[in-house]
Amino acid sequence: MPPRQAILLILRLVIVVMAMGHAATVSAQESAYTYMHLDQEDGLASNDVLSILQDRKGFLWVGTNNGLQRYDGRQFIHFRHNPYSPNSLASDIIESLFEDSRGTLWIASAHTVTQLNPQTHQFTRIRVPKYTQEEASARRYFVEDEKKQIWLLTGKGKQAFVYKADQQAFVTLPQTPTFPNPDSAYASLLAPWKSREAYVYLNDSRGIFWAGSEKLLARYPGTAGFEMIPAQPASRYGIDYNRIFALAEDREGTVWVGTDKGMYYFNPGKQRFFSVTIPSSTATPSEGIIPTDFIRTQQGELWVSTLNGGMLRYDSQFKPVTRPVRTANVALPLWCLVQDTNGTVWAGSQEGTLVALEQDGRISYIHPPALAGQTIREAVLDASGILWLGSEQGQVFTFNPLTHKVTRLPLDQLSHTLGRVLRILPQQAAYVWIATSAGGVFKLHKQTATVVEHYHTSSKPYALLSNQVGDMQWVDSTTLAVSTIAGLHLLNTTHKTGTTFTTSEGLPANALINVIPVKNGDFYVTPQNGLSRWNPQTHRLTTFSSRDGLSNTPFLFNASYRLPDGRIVLGTMNGFFYFHPDSLQDHTPPADVLITGVKVMDKPIRLDSAMAKDSSLRLGYKENFFTIEFASLSYYDDKQISYFYQLEGIDQEWVRAGVNRFANYTNIEGGSYRFKVKAQRNDGMSTLHESTLAIHVAQPFWKTWWFRGLVILGLAGVGIGIYRIRIDRMLALQNMRVQISRDLHDDMGSTLSTITILSAMARQQMGKNTGQTEGHLEKISEYAQRMMETMDDIVWSVNPLNDAAQNLVARMRSFCAETLEPKGIPFTLEVEEGASSLRLPLALKHNCFMIFKEAVNNAGKYARCQSIRVCLNIQKKQLLLEIRDDGEGFDKNQVSQGNGLLNMQARATAIHGNLQIVSAKGSGTTITLKAPVNG
């Protein structure tokens, strides 16, 4: 080997070793499971898990030496013993758990039993008789018989107590039935597996019988005895313990193991990827086998070429053939495999070496000169029996296995640097398709050796996202799947068009190194790490992990192979494994979603106490900020489940919650709603039923029917009141108008009548008695003046511009000046500050002024006073008018009331006022009017 090639080989091996890291060799045990682990860092109350039970709703109950816990796949709810509360566990050490046919949970400790109602979380402590000294150290467990009676048994089976509900105690009966003892039934099978501790047992739904103590044992269907399940404590997905306390199986077939180092769980039925046994003589323990290619021979065997272990052979069940094919030089890397029409298997290697492996075991090495310096990375057989070879150096050759003739195909016509040849795929009889690591994909005519189509980043009408191809496979007779470091292409070779897919269309990564189409339209794809199933139509992506039995080991380029029965083989940096796509189609729907809790204003509430008789959640109008928590209780597939919810009346469509298991709602209006939730696995399977919760949020009192009725009645009352006030005002105004018209009729009618009489008398005396005629004319003038004043008062009163009290004051001042100043009588008019701006009703304004006018007139004419004082004040919505003179006064008892005084009293009554006249001879006269301002 030339030095340059040797250096390249060394570098390649160094890279392989670095990628492998500290990976261990592939285990020879196919029954080694992948375990998930929970301990105190995940929320367990204690790493000593003594008992495990799944109830009928799907919750997992875990008994530890530090209390009882309920687990929903994400969080633990913890229950402990409280010496001050009878509504608590009798003991924190939970040895055994049991759910009876009524759904009641029974909890056994060393000397106590507690009964739990899972709906109300109500604990009831049950009295237990004393155990014998021999049975005191044995573990206790429960059994329900055909009569629905609950029995408490000891591990050694020598004591049995039955529960009596009327006594709330377990009691001893004179005769007790015989219950089967697992220790006795399996004593002979467990003889080779002696243990210092008692065994716990589980007979799972697959017919596997498990026994655990200081070892985990399994008896598979059809086998005679137990076999030990390896612990693998150093593995990330192994199991590590000193003692097993509990074994349980949930409704999905997941096996739960309670140990002194936490709780482990695994699902044998869902671990569908199987690592293949590597013969122990093939590789040294310090290195892993690196497979490069696979081929199913005409004899039905699977042959595997490796970089560091020669050739491996397996039968159809992946069991190693007794004598593996060993090349003379084990260090000779084998890169690719192909079988010719005569049955000879050809392997491509370094330095242009072709290794011929015959079925009878003969091996020959061929070094064609045309292949000198070439590393053969790809080999394929066409329909004519010719082998097509692709090299690391980007060259393509044809090889005749009969004549050993090698022909190099001139690819200088391509302007791109090709890199290494990754795949060669024949199409019909005339063409082959070639994928390269740096030059894209091209179609070659076999007879003329000419490139008829070339797809790269600049090709038209269809271009690739990158020239760096990862893999190429036929989807059907006309469609090629081509992966690059930038995305996946589906090329239609008939129409020379294509479709591009990236992570935007659901791919797990843009750079894919293995693409495996399967018959139902799905693709199995691998980036450097991880395996996923992807559908180009739905864009649905399902990623497989250690929970499915898939180890987290980097994949190799183009190291995939489809067997005729549909199984797929994939090579990794540490061996290879196989699976069948049909086994990954889980047709079992996820468990129906369960409402696990409700928070109101971020405070948890108990559903049982908040639920009404109609099974609806009743919330007050101030409790309209709430969170609903839910879970499918599918523990093993929890990370593959997405949730969808909808609150009818609020959400127009289903809301995708993803892996979140809660829904928040804020400021919800009062009313009745229905909350719906469902779950869907990544493979598209949904829960069979939607889970619902009826929610009623109370209306605030101002939105209730009775409050709205009261508001309507109140508004109607207010409207009626306003209407009544308006009518009253209209009536008052009408009364005022009637009064004014009556005044006009009385005053002006009488005045006009008097004027008429005086005019007639003046005409009769005219020319006869000049003195009397002048007297009559003077009276006519006086009555006319009085009538004008009356008219002026009425016009002033009805004018709304004069409603302000200041206008009344101004008119009073003007009247006093006109009446008193000619007589030499001084007057004062006092008005309280603030009263002038008050608006006065028409009736009050008119009558108040007329009373004032009558009083001032009387004082000026008859009182012989030296001064008059007028005060106008507003107190407590009452108008106070006082008119005081210092005249002679009079005795009311001796003076008959004339029209003036009577009119004043009548006007005061009309405005619901009170008029007082205080007078005495020699003391002057005081007239006081009190009247409400609002009429």
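- If you check an unreviewed UniProt entry, the chain appears there as Two-component regulator propeller domain-containing protein from Rhodocytophaga aerolata.

**Section: the overall build of the chain**
Then, in step 1: Each helix and strand counted, the chain has 8 helices and 61 strands in total.
Then, in step 2: The burial tally for the chain puts 49% of its 935 residues in the buried class.
Then, in step 3: Nonlocal contacts in the chain, meaning residues at least 24 apart in sequence, comprise 54% of its contacts between residues at least 6 apart.
Then, in step 4: For the chain, the accessible area works out to roughly 45,700 Å², and carbon and sulfur atoms hold 52% of it.

**Some points on helix H7 (residues 842-862)**
Then, in step 1: Here H7 contains 21 residues, and its C-alpha end-to-end distance of 30 Å stays within 8% of the 30 Å for a straight helix at 1.5 Å per residue.
Then, in step 2: Buried residues dominate H7, accounting for 15 of its 21 residues.
Then, in step 3: Just beyond H7, the residue with positive phi is arginine 864, at close to 55°.

**Description of the pattern of salt bridges**
Then, in step 1: Across all of its chains, the model carries 27 salt bridges by this definition.
Then, in step 2: Between glutamate 99 and arginine 56 there is a salt bridge, and its shortest N-O distance comes to 3.4 Å. Of this pair, glutamate 99 sits in strand S6 (residues 96-99) while arginine 56 sits in the loop between strand S2 (49-54) and strand S3 (60-64), and the two are 43 residues apart along the sequence.
Then, in step 3: A salt bridge links aspartate 204 to arginine 206; the nearest nitrogen and oxygen atoms lie 3.3 Å apart.
Then, in step 4: The exposure class of arginine 206 is partly exposed, given its relative accessible area of 29%.
Then, in step 5: The network of salt bridges with common partners includes Asp72, Arg74, Asp638 and Arg661.

**Focus on the pairing of strand S33 (residues 421-427)**
Then, in step 1: In terms of burial, S33 is a largely internal element, 6 of the 7 residues being buried.
Then, in step 2: Here S33 runs beside strand S34 (residues 431-436); their pairing, made up of 6 bridges, is antiparallel. Bridge pairing in S34 places arginine 423 opposite alanine 435.
Then, in step 3: Taking the residues between adjacent antiparallel strands as the criterion, S33 and S34 are bridged by 3 residues, where glutamine 428 takes a positive phi near 55°.

**Some details on the nonpolar core**
Then, in step 1: In terms of nonpolar packing, the biggest core is built from 54 residues, with Leu68, Trp256, Met263, Phe626, Phe630, Phe675 and Ile695 touching the most fellow members.
Then, in step 2: The residues touching phenylalanine 675, leaving out its near neighbours within four places in the chain, are Ile595, Ile628, Phe630, Tyr645, Gln646, Leu647, Ala663, Tyr665, Ser691, Thr692, Leu693 and Ile695.
Then, in step 3: Listed in part, the 41 residues of the second largest apolar core include Phe827, Leu844, Ala855 and Ala859.

**A look at the confidence of the model for the chain**
Then, in step 1: Overall, the prediction assigns the chain a mean pLDDT of 84, with 88% of residues at 70 or greater.
Then, in step 2: In this model, residues 1-30 is a region of pLDDT below 50 whose contacts with residues beyond four sequence positions or in other chains number 35 contacts.

**What to know about the sheet that holds strand S41 (residues 514-517)**
Then, in step 1: The strand order across the open sheet built from 4 strands is S41-S42-S43-S44, with neighbouring strands paired in antiparallel fashion. Of all strands in the sheet, those with a lone pairing partner are S41 and strand S44 (541-544), marking the two edges. Along the sheet, successive strands turn relative to each other by an average axial angle of 20°, direction set aside.
Then, in step 2: Bridge analysis of S41 against strand S42 (residues 523-526) gives 4 bridges, and the strand direction is antiparallel. Its bridge partner lying in S42, proline 517 is registered against phenylalanine 523.

**Brief notes about empty space enclosed by the protein**
Then, in step 1: Going through the model one piece at a time under the given rule, you end up with 2 cavities of 30 Å³ or more.
Then, in step 2: Approximately 80 Å³ is the volume attributed to the largest cavity.
Then, in step 3: Each residue belonging to the lining of the largest cavity can be placed in one class, and the counts come to 2 nonpolar, 2 polar and 8 charged.

**Examining the packing of aromatic side chains**
Then, in step 1: All chains considered together, the criterion is met by 53 aromatic pairs.
Then, in step 2: Relative to phenylalanine 579, the ring of phenylalanine 273 lies with its centre 5.0 Å away and its plane at 55°, an arrangement referred to as tilted. With phenylalanine 273 in the loop between strand S20 (262-266) and strand S21 (274-275) and phenylalanine 579 in strand S47 (residues 575-579), the pair connects residues that are 306 residues apart, well separated along the chain. When sorted by exposure, phenylalanine 273 lands in the same class as phenylalanine 579, which is buried.
Then, in step 3: Between the aromatic rings of tyrosine 314 and phenylalanine 576, the centroid separation amounts to 5.6 Å while the plane-to-plane angle is 80°, which identifies the pairing as edge-to-face. Of this pair, tyrosine 314 sits in strand S24 (residues 311-314) while phenylalanine 576 is found in strand S47, placing the two residues 262 residues apart along the sequence.
Then, in step 4: Under the relative-accessibility criterion, phenylalanine 576 is labelled buried at 2%.
Then, in step 5: Here the aromatic cluster, defined as three or more aromatic residues joined through ring pairs, consists of Tyr71, Phe76, Trp256, Tyr265, Tyr635 and Tyr636.
Then, in step 6: The ring of tyrosine 431 carries lysine 443 above its face, with NZ or CZ at 4.2 Å from the centroid.
Then, in step 7: Lying across the ring of tryptophan 654, lysine 678 places its NZ or CZ 4.4 Å from the centre.

**A look at the packing of helix H6 (residues 805-820) against H7**
Then, in step 1: Packing of H6 against H7 brings their axes to within 11 Å, and their N-to-C directions diverge by 20°. Accordingly, the angle class assigned to the pair H6 and H7 is roughly parallel. Note on packing geometry: the crossing formed by H6 with H7 is right-handed. Between H6, through Leu808, Arg811, Met812, Phe815, Cys816, Thr819 and Leu820, and H7, the contact on the second element is made entirely by Lys845, Cys848, Phe849, Phe852, Lys853, Val856, Asn857 and Gly860.
Then, in step 2: Of the residues contributing to the contact of H6 with H7, the split by class is 9 nonpolar, 3 polar and 3 charged.

**Notes on the sheet that holds S3**
Then, in step 1: On the basis of which strands lie adjacent, the open sheet formed by 4 strands has the order S2-S3-S4-S5 and antiparallel pairing. For this open sheet the edge positions go to S2 and strand S5 (76-79), each flanked by a neighbour on one side alone. Going from strand to strand, the sheet's axes swing by 20° on average, the running direction of each strand aside.
Then, in step 2: The pairing of S2 with S3 spans 5 bridges and is classified as antiparallel. When the sheet's bridge partners are listed, serine 51 is paired in S3 with glycine 63.

**Considering the side chain of aspartate 340**
Then, in step 1: If you trace the backbone, aspartate 340 turns up in the loop between strand S25 (336-339) and strand S26 (345-348).
Then, in step 2: A distance of 2.9 Å separates a polar atom in the side chain of aspartate 340 from the backbone nitrogen of asparagine 342.
Then, in step 3: Within the structure, the side chain of aspartate 340 is placed 3.0 Å from the backbone nitrogen of glycine 343, a separation counted as a polar contact.
Then, in step 4: Contact partners of aspartate 340, with chain neighbours within four places excluded, come to Gln298, Trp346, Leu381 and Pro401.

**Concerning unusual backbone geometry**
Then, in step 1: Omega for the bond connecting lysine 460 with proline 461 falls within 30 degrees of zero, at 5°, which places this linkage in the cis form.
Then, in step 2: Tracing the backbone through its elements, the reader meets proline 461 in the loop between strand S36 (450-455) and strand S37 (469-474).
Then, in step 3: For lysine 148, which is not a glycine, the phi torsion comes out positive at approximately 65°.
Then, in step 4: For lysine 148, a relative accessible area of 43% puts it in the partly exposed group.
Then, in step 5: We note that arginine 864 has phi near 55°; this positive angle belongs to a residue other than glycine.

Quick notes on the rules
Residues numbered from 1 in each chain as written. Predicted model: local features only at pLDDT ≥ 70, side-chain atom pairs only at ≥ 80, totals over all residues. Heavy atoms only, no water. Helix = DSSP H or I, 4+ residues; strand = E, 2+ residues; numbered from the N terminus. Buried < 20%, exposed > 50% of the residue type's maximum accessible area, 1.4 Å probe, protein only. Contact = heavy atoms within 4.5 Å. Areas by Shrake-Rupley, 256 points an atom, 1.4 Å probe, with all protein chains shown as cover. Expected span 1.5 Å × (residues − 1). Salt bridge = Lys/Arg side-chain N within 4 Å of Asp/Glu carboxyl O. Pairing = 2+ DSSP bridges. Core = buried A, V, L, I, M, F, W, Y, C linked by side-chain atoms within 4.5 Å. pLDDT = per-residue confidence, 0-100. Axes fitted to C-alpha atoms, helices over the stretch in contact; angles between N-to-C directions. 1 Å grid on protein atoms, 1.4 Å probe; cavity = no way out; pocket = protein on both sides within 12 Å on 5 of 7 lines; lining within 4 Å. Points joined across faces, edges and corners; volume = space filled by probe spheres on them. Nonpolar A, V, L, I, M, F, W, Y, C, P; charged D, E, K, R; others polar. Phe/Tyr/Trp six-rings, centres within 6.5 Å; stacked < 30°, edge-to-face > 60°. Lys NZ or Arg CZ within 6 Å of the ring centre and 35° of its normal. Parallel < 35°, antiparallel > 145°, perpendicular 65-115°, else oblique. Left-handed = near helix turned anticlockwise from the far one by under 90°. Polar contact = N/O pair within 3.5 Å; in protein donor to acceptor, adjacent residues only side chain to side chain.

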